[in-house]
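Structure at a glance
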Amino acid sequence: MALSRFQLLKPPHTSVSTVSLFPRVPSSCSSCPRSRQRPSTIRRLCIPSSNPPIHQDSISGETSSSTIVDGLLDYLNESWTQFHATAEAKRQLIAAGFQLLNESSDWNLQPGGRYFFTRNMSCLIAFAVGEKYRVGNGIHVIAAHTDSPCLKLKPRTASSKSDYLMVNVQTYGAGLWHTWFDRDLSVAGRVILKAGDGSFTHTLVKVKRPILRVPTLAIHLDRSVNTDGFKPNLESHLVPLLAMKLKEESADGSIQPCSSKAAHHSLLLEVLAKELDCKINEIMGIELNVCDTQPSCLGGGKNEFIFSGRLDNLASSYCALRSLVDSCKSPSDLADETAIRMVALFDNEEVGSNSIQGAGAPTMFQAMRRIVSCLASDHIGEGAFERTIRSSFLVSADMAHGVHPNFLDKYEEHHRPELQKGLVIKHNANQRYATSSVTAFLFKEVAEIYKIPVQEFVVRNDMGCGSTIGPILASGVGIRTVDCGIPQLSMHSVREICGKEDVDIAYKHFMAFFRSFSSIDRNLSIDF
């Protein structure tokens, strides 16, 4: 993929503007040794020693006991699918005063305004316009994704074997599929319903009780499983059980076998209809995920962990969403902002992002172009959108590989991210991540000013490297990008684990990014 391009943002002599809730400090501090040692083209914001560090919540103004973990747990328990995650984000944005936009309608945007739109109800773009924004200034984005590896129902789900009703599924993404066996499973997603007037409605459904299960084979019938490994065939061994085979009663009262021609078992449709309070014949289409019914919760001897499905990547999505909402709660929060703050949540990252609702689509950049156009005066000069992109910055937030104590040899010796130690900046020389030395510096500078812990990760040279939406978005139009994530264990398992403190650290880092990046960015020049 194409390398990220770094353009001059502001002349190095531009004065540093201050942002409310951050200390008012000079653009350089002659008394600080770090400042004197740096080249003149990189001027650092120096915090007086009396200023409280970030762990004392100088960002939020709250006590150090404040946390967003309870909110994350609620979000995870609500967001069984990418559709539910987007719907819940939509609900929270509306409650916070953000205005819902329609991509098919004209936009009327104003400085100080807060807006968002959804696409496919699985992708969401939200943004807040600084009061001092001028066309050509940057857009500061935190991007994440709403999807996770899971089992999805096939278009024709009904099958039957040995008097069991089975539900045909397909694998989505690169899941640890053996972890889906012997779990209490159900279904959730969206349904298209036909109304009495002939119109169609899109609605979400979640069956909270367990109705499906994928049983493992007894060890007595597979004695070598513990020595040779569990290697299920994903087509024939990963088919959930729904029920024992049913009989249907015909009009004359006789009992008939269930029809083998139906796309879905009538029992499954009955469960959905009951949940939606509708008739079976009103269900026109379904798009359902298989979901684990075990709730997200705190765990560990001191409740220091979060045990949950879909941490990758709903934890990042929630931290990004909360940081945007909380960074512009009141009009004064945007009074001195010269940039636009944005959150972009995409679908289909786990399968390559090549969809209308994925990061491979031009959704975010189309939104940026429209924003620039709406906020432009009659005369804005040449290349307004291109100048905006050159001044913009993207934080690609996706979960990171925390060091596993039982598999230390799988990690590069000097880059072993630990839980409870802060966000992980991801590096890869082959551009599997979009981080560069410049973008890493800028993102670490945000952390350094307020003493936020930060870590770094590089994969071993003898192992393959995953990727994120970072390189896709960075190469799309050349926006500067850093890849980062909360460290976790059990990535892509049906149940994952991350540190409770890391969630709050990520939230504070994102808050600091939104509120201070405009000032920090002015002090770095690259291309002149």
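Throughout this description, residue numbers start from 1 for each chain and increase along the sequence as written. Note on the predicted model: pLDDT of at least 70 is required for a residue's local features to be given, and 80 or more for side-chain atom pairs to be given and counted; whole-chain, interface and lining totals, by contrast, use all residues. Neither water nor hydrogens contribute to the side-chain values; these are computed over all heavy atoms in the structure.

The protein chain carries the name aspartyl aminopeptidase in an unreviewed UniProt entry, which gives Dendrobium thyrsiflorum as its organism. UniProt positions are given in the numbering used here, feature names are shortened, and annotations may be inferred rather than shown by experiment. A UniProt comment under Cofactor (unreviewed entry) is attached to the protein chain, and it reads "Zn(2+)". Under the heading Catalytic activity (unreviewed entry), UniProt records this for the protein chain: "Release of an N-terminal aspartate or glutamate from a peptide, with a preference for aspartate."

Some details on the overall build of the protein chain
In DSSP terms, a helix is any run of H or I states spanning at least four residues, a strand is any run of E spanning at least two, and both are numbered starting from the N terminus. Helices and strands together make up the secondary structure of the protein chain, namely 11 helices and 22 strands. Relative accessibility decides the category of a residue: with a 1.4 Å probe and only protein chains considered, values under 20% of the type maximum give buried, values over 50% give exposed, and everything between is partly exposed. Burial status across the protein chain gives 54% buried among its 528 residues. Here a residue-residue contact requires only that any non-hydrogen atoms of the pair lie within 4.5 Å. Look at the contacts in the protein chain between residues 6 or more apart in sequence, and 77% of them connect residues 24 or more apart. We get accessible surface area from the Shrake-Rupley algorithm with a probe of 1.4 Å; when it comes to residues, only the shown protein chains can shield them. About 23300 Å² of surface is accessible on the protein chain, with carbon and sulfur atoms providing 50% of the total.

Quick word on the side chain of Thr293
Relative to the assigned elements, Thr293 resides in the loop between strand 12 (283–292) and strand 13 (297–299). Of the residues examined, Thr293 reaches a relative accessible area of 17% and is grouped as buried. One polar contact links the side chain of Thr293 to the main-chain carbonyl oxygen of Asp184, over a distance of 2.9 Å. Other than its neighbours up to four places away in sequence, Thr293 contacts Trp80, Asp184, Leu185, Ser186, Lys208, Arg209 and Pro210. Whenever a nitrogen or oxygen atom comes within 3.5 Å of another N or O atom, the pair is scored as a polar contact, on the condition that within protein one atom can donate a hydrogen and the other can accept it, and that pairs from neighbouring residues in sequence are kept only if both atoms are in side chains.

Focus: the sheet that holds strand 19 (residues 454–458)
Spatially, 9 strands are ordered 1-2-3-15-4-16-20-18-19 in an open sheet, and the strand pairing comes out mixed. Whereas interior strands pair on both sides, the edge strands pair on one side only; in this sheet they are strand 1 (99–100) and strand 19. Any two strands between which DSSP finds at least two bridges are classified as paired. The sheet contact formed by strand 2 (residues 114–119) and strand 3 (residues 123–129) spans 6 bridges and is antiparallel. In the strand pairing of strand 3, Arg114 is matched with Ala128.

Looking at unusual backbone geometry
For the bond running from Asp312 to Asn313, omega is 15°, close enough to zero to count as cis. Structurally, the position occupied by Asn313 is in helix 6 (residues 311–327). A positive phi angle is found at Ser353, which is not glycine, with a value near 70°. Turning to its location among the elements, Ser353 is positioned in the loop between strand 15 (340–346) and helix 7 (363–375).

Brief notes about helix 2 (residues 69–78)
When helix 2 is considered as a whole, its buried residues turn out to be Val69, Gly71, Leu72, Leu73, Tyr75 and Leu76. Close packing links the buried residues of helix 2 with helix 3 (82–95), strand 13, strand 14 (305–308), helix 6 and helix 11 (500–521).

With respect to the side chain of Thr157
By secondary structure assignment, the location of Thr157 is in strand 5 (residues 150–161). What makes Thr157 buried here is its relative accessible area of 0%. At a separation of 2.8 Å, a polar atom in the side chain of Thr157 contacts the side chain of His264. Those residues in contact with Thr157 that lie beyond four places of it in its chain are Met166, Val167, Asn168, Ala263, His264 and Leu268.

Side note on the environment of Arg134
Relative to the elements of secondary structure, Arg134 occurs in the loop between strand 3 and strand 4 (139–145). Taking the relative accessible area as the measure of exposure, Arg134 reaches 53% and is therefore exposed. Taking the C-alpha atoms as reference points, Arg134 and Ser377, separated by 243 residues in sequence, lie 9.3 Å from one another.

Overview of the pairing of strand 2
Summarising burial for strand 2: 5 of the 6 residues are buried, a large majority. With 2 bridges connecting them, strand 1 and strand 2 associate as parallel partners. Residue pairing in the sheet places Gln99 in a bridge with Tyr115 of strand 2. What sits between the antiparallel neighbours strand 2 and strand 3 is a turn of 3 residues, in which Asn120 has the positive phi angle 65°.

Topic: the environment of Ala474
Here Ala474 shows up in helix 10 (residues 469–477). When its relative accessible area of 2% is taken as the criterion, Ala474 is described as buried. Spatially, the C-alpha atom of Ala474 lies 9.5 Å from that of Phe393, the residues being 81 residues apart in sequence.

Description of the pattern of salt bridges
Definition used for salt bridges: Asp or Glu carboxyl oxygen within 4 Å of a side-chain nitrogen of Lys or Arg. Inspection of every chain in the model, using the stated rule, returns 17 salt bridges. In this structure, Glu88 and Arg91 form a salt bridge, with 2.7 Å as the shortest nitrogen-oxygen distance. Placement of the pair is Glu88 and Arg91 together in helix 3, with a separation of 3 residues, close to one helical turn. Residue class for Arg91 comes out partly exposed when judged on its relative accessible area of 49%. Taking the shortest distance from any N to any O, the salt bridge between Lys329 and Asp326 comes out at 3.7 Å. Judged by its relative accessible area of 54%, Lys329 falls in the exposed class.

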